[in-house]
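The chain contents come next:
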Amino acid sequence: DCPNGEYQSLPGSTSCVSTVPGYFASNGAPEPTKCPSRSIAPHPHMAACQPCDSNAIADESSVTCACQAGTYLDDFNMSANETTACLFLCSSYDR
């Protein structure tokens, strides 16, 4: 069996192939799996996908998260462990 983040594409093969960004493999998978719509695999050799922020969605390639319409990326207040921190835009401004 291959280690997490790798897969065996040919039955009976002894060589393993690393996953590419956007895909993951675990538990000796025979092929990589594309990340679900609200998660990403930003690096090769991923054993699992990382969830996007609650107000973000994954791009088509499942490599980066992007803020949904009506939200913005708050990278100033983002912690080191977050991939995105999307905050809602204000609809009005009170003075």
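Because the structure is a prediction, the values reported are computed rather than measured.

The rules we used
- Residues numbered from 1 in each chain as written.
- Predicted model: local features only at pLDDT ≥ 70, side-chain atom pairs only at ≥ 80, totals over all residues.
- Heavy atoms only, no water.
- pLDDT = per-residue confidence, 0-100.
- Helix = DSSP H or I, 4+ residues; strand = E, 2+ residues; numbered from the N terminus.
- Buried < 20%, exposed > 50% of the residue type's maximum accessible area, 1.4 Å probe, protein only.
- Disulfide = S-S within 2.5 Å.

## Points about the confidence of the model for the chain
In the predicted model, the chain carries a mean pLDDT of 82, and 83% of its residues have values of at least 70. Within the chain, strand β3 (residues 23-24) carries the highest mean pLDDT (97), whereas strand β9 (residues 71-73) carries the lowest (75).

## A word on the side chain of Ser 39
Topologically, Ser 39 is positioned in strand β5 (residues 39-40). Residue class for Ser 39 comes out buried when judged on its relative accessible area of 8%.

## Let's talk about the state of the cysteines
Enumeration over the complete set of coordinates arrives at 3 disulfides. In this model, Cys 2 is linked to Cys 16 through a disulfide, with the two sulfur atoms separated by 2.1 Å. Taking the torsion about the S-S bond as the criterion, the Cys 2 to Cys 16 disulfide, at about -95 degrees, is left-handed. In this pair, Cys 2 is assigned in the segment before β1 (6-7) and Cys 16 in the loop between β1 and β2 (17-18), connecting sequence segments 14 residues apart. Exposure remark for Cys 2: the relative accessible area of 8% places this residue in the buried category. Disulfide pairing is shown between Cys 52 and Cys 65; the S-S distance is 2.0 Å. One quick way to see it: the torsion about the S-S bond of Cys 52 and Cys 65 is about -85 degrees, and its sign makes the bridge left-handed. Of the two residues, Cys 52 is situated in the loop between β6 (50-51) and β7 (56-58) and Cys 65 in strand β8 (residues 65-67); the sequence distance between them amounts to 13 residues. For Cys 52, a relative accessible area of 11% translates into the label buried.

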